Amino acid sequence: MSSKTRYYLEQCIPEMDDLVEKGLFTKNEVSLIMRKRTDFEHRLNSRGSSINDYMKYIVYETNVDKLRQKRVKRILQSSRSNSLSDWSIQQRITFIYQRGTNKFPQDLKFWAMYLNFLKTRGAKTSYKKIHNVYNQLLKLHPNNVDIWISCAKYEYEVHANFKSCRTVFQNGLRFNPDVAKLWYEYIKFELNFVTKLINRRKVMGLITEREQELDMLNEQNDAAHEDEEKATSLQAPSTGDNMKDKLNDLPEADMSMLGNEETNPALRGDIALAIYDLAMKTLSKHYINKHKGYYAVSDDATNKELQKDALLFLFEKSTEYIKLFDAFTDLQRDHLINHVLQFWKNEISQPLQEQLADIYVSIIIMDITLNIRYMTLETLDVDQLQLSVKKYFAYKEKFNKKLVNSLHSRYRDYLQDTFLKNMEESDPKFNILTMVVKKL
């Protein structure tokens, strides 16, 4: 028996004595447990150990703890008392996970099991402990965006630690500026944050800035009494690039934002829009660099084609953002989408309109229908419909024949599929819509 194995087994003696004294296990059962632990420790400390050995050890210790808990309820009942054996097995499982991750740091499945184990323990696991595990994991795998997203969601959804969540996303983007998924989740978080802030004020009836200031003061006083561990921020390894400066230039948002959507742009989602602008610029740059290659022959034709491919890629991502904006019913969705449309109107120059006809017409259709986008059959406003039609004719005058035909068919299909198809002929708006479609 190695000295390390002997040391680990000796740590079990007080726990075994406690289990016997409480009458939860007999001496023979304790001997069998120790024999089994000895076998597992020999496997773990051998050169040929595998991650499966650690998993089997954890499963065994979990089953022992479940048996102990059942016997505590049946044997001890009202005479329960806190002692070493109440927490020692859980500590041992944690220690096995630590040893496994140290020996097999590349096994992400085992890391996920470790984090899940810590999270499911609830208050028995400290915030700082999970924090440290995420820190260790991110230092080993800084280019795995799923880990960054998991860490950020834990900060936000479990501990409502908005600033720490924002820091996690920004650190993740410094390492992975070319990953669209991470930008998407960052924007989604900012929209969720603003929505939660607005809804909280609605529920509490906080209308005036004075009421908001008093609520902020109460929040700060409550936060002062929380566990200091929650003030710990995640430490990420340094990237040494200029992405940090770009992200630091983003406007800050926290629970201290005063005003309303009309007086404070941040409450309309402008922070998410600032991130969107930076995402488009960054993703475009990395897409072109990735496909251009270090030694590729560069000429005007190649650059134009590459620029076109980059725009197709960015438009695909932009449609995902628009679908995301649609889901946030408490925000000014038309304001968010209009920002995206304006970006694309500026991005697609006159020469590119023919080459990217489908994209360009899609953008124009969204612009034309934006003011009626969220209207139903019951809420359809005739004045807003007329405004939409006027925008259609304004664009129609500027387009060539090919683009006009595409614009006409798509706008007509939109009105028919969204309204006319489900509208009763007896509805007064039916005749108006029918005339509009014929007029197009």
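In what follows, the accompanying structure is described. (Residues numbered from 1 in each chain as written. Predicted model: local features only at pLDDT ≥ 70, side-chain atom pairs only at ≥ 80, totals over all residues. Heavy atoms only, no water.)

## Thoughts on the packing of helix α15 (residues 333-347) against helix α17 (residues 357-368)
With their axes 10 Å apart at the nearest point, α15 and α17 run at an angle of 145 degrees to one another. The hand of the α15/α17 crossing is left-handed. Of the residues in α17, those in contact with N338, L341, W344 and K345 of α15 are I363, M366 and D367. Residues that form the contact of α15 with α17 fall into these classes: 4 nonpolar, 1 polar and 2 charged. (Axes fitted to C-alpha atoms, helices over the stretch in contact; angles between N-to-C directions. Helix = DSSP H or I, 4+ residues; strand = E, 2+ residues; numbered from the N terminus. Left-handed = near helix turned anticlockwise from the far one by under 90°. Contact = heavy atoms within 4.5 Å. Nonpolar A, V, L, I, M, F, W, Y, C, P; charged D, E, K, R; others polar.)

## Re unusual backbone geometry
The backbone phi angle of A160 is positive, close to 50 degrees, even though this residue is not glycine. Accessibility expressed as a relative area gives 34% for A160, which makes it partly exposed. (Buried < 20%, exposed > 50% of the residue type's maximum accessible area, 1.4 Å probe, protein only.)

## Quick notes on the nonpolar core
Most often, soluble globular proteins have nonpolar side chains that are buried together. Core analysis: the largest hydrophobic core is formed by 128 residues, its most contacted members being I187, L191, F325, W344, L407, L415 and F419. Dropping the residues within four chain positions of it, I187 is found in contact with A272, I275, Y276, Y321, L324 and F325. (Core = buried A, V, L, I, M, F, W, Y, C linked by side-chain atoms within 4.5 Å.)

## Digging into the packing of aromatic side chains
Aromatic rings considered in pairs are described by the distance between their centres and by the relative angle of their planes. According to the stated counting rule, one finds 28 aromatic pairs in the structure shown. Seen from their ring centres, Y360 and F399 are 5.6 Å apart, and the 50 degrees between their planes marks the pair as tilted. Taken together, the residues span a long stretch of sequence, with Y360 in helix α17 and F399 in the loop between α18 (382-398) and α19 (401-418) at a distance of 39 residues. Accessibility expressed as a relative area gives 9% for Y360, which makes it buried. By way of ring pairs, the aromatic residues Y54, Y97, F104, F110, Y114 and F117 are connected into one cluster. It is R71 that lies over the ring of F25; its NZ or CZ is 4.8 Å from the centre. (Phe/Tyr/Trp six-rings, centres within 6.5 Å; stacked < 30°, edge-to-face > 60°. Lys NZ or Arg CZ within 6 Å of the ring centre and 35° of its normal.)

## Thoughts on helix α5 (residues 88-103)
Compared with an ideal rise of 1.5 Å per residue, which puts 16 residues at 22 Å, α5 spans 23 Å between its outermost C-alpha atoms and is within 8% of the ideal. Those residues of α5 that fall on the buried side of the exposure criterion are S88, I89, Q90, R92, I93, T94, I96, Y97, R99, G100 and T101. Elements in contact with the buried residues of α5: α1 (3-10), α2 (13-22), α3 (27-45), α4 (51-76), α6 (108-120) and α7 (127-140). (Expected span 1.5 Å × (residues − 1).)

## Quick word on the environment of K129
Topologically, K129 is positioned in helix α7. Using a relative accessible area of 25% as the deciding quantity, one classes K129 as partly exposed. As for K129 and L115, which are separated by 14 residues in sequence, their C-alpha atoms are 9.9 Å apart. Apart from residues no more than four positions distant in its own chain, K129 is found in contact with T94, Q98, Y114 and L118.

## A word on the pattern of salt bridges
A side chain with one charge can pair with a side chain of the opposite charge if their charged atoms come near. Enumeration according to the criterion identifies 18 salt bridges in this entry. Taking the shortest distance from any N to any O, the salt bridge between K345 and D367 comes out at 2.5 Å. Residue K345 is found in helix α15, and its partner D367 is found in helix α17; the two are separated by 22 residues along the sequence. With relative accessibility at 24%, the residue K345 sits in the partly exposed group. Judged by its relative accessible area of 7%, D367 is buried. Its salt-bridge partner being R412, residue D413 comes within 3.6 Å of it at the nearest N-O pair. Residue classification places R412 among the partly exposed residues on the basis of a relative accessible area of 27%. In this structure, a network of salt bridges that share partners links the residues D18, K22, D65, R68 and D86. (Salt bridge = Lys/Arg side-chain N within 4 Å of Asp/Glu carboxyl O.)

## Concerning the packing of α17 against α18
Geometrically, a packed helix pair is captured by the angle between its two axes and the distance between the axes. Contact geometry of α17 with α18 gives a least axis separation of 9 Å together with a crossing angle of 150 degrees. Judged by the angle between their axes, α17 and α18 are roughly antiparallel. In contact with I364, D367 and I368 of α17, α18 contributes S388, K391, Y392 and Y395. Of the residues belonging to the contact of α17 with α18, the class tally is 4 nonpolar, 1 polar and 2 charged. (Parallel < 35°, antiparallel > 145°, perpendicular 65-115°, else oblique.)

## So, the environment of E354
Mapping E354 onto the fold places it in helix α16 (residues 350-355). Owing to a relative accessible area of 37%, E354 belongs among the partly exposed residues under this scheme. Measuring from C-alpha to C-alpha, the distance between E354 and L403 comes to 8.1 Å, with 49 residues separating the pair along the chain. With near-sequence residues (within four places) excluded, E354 lies in contact with N400, K402 and L403.

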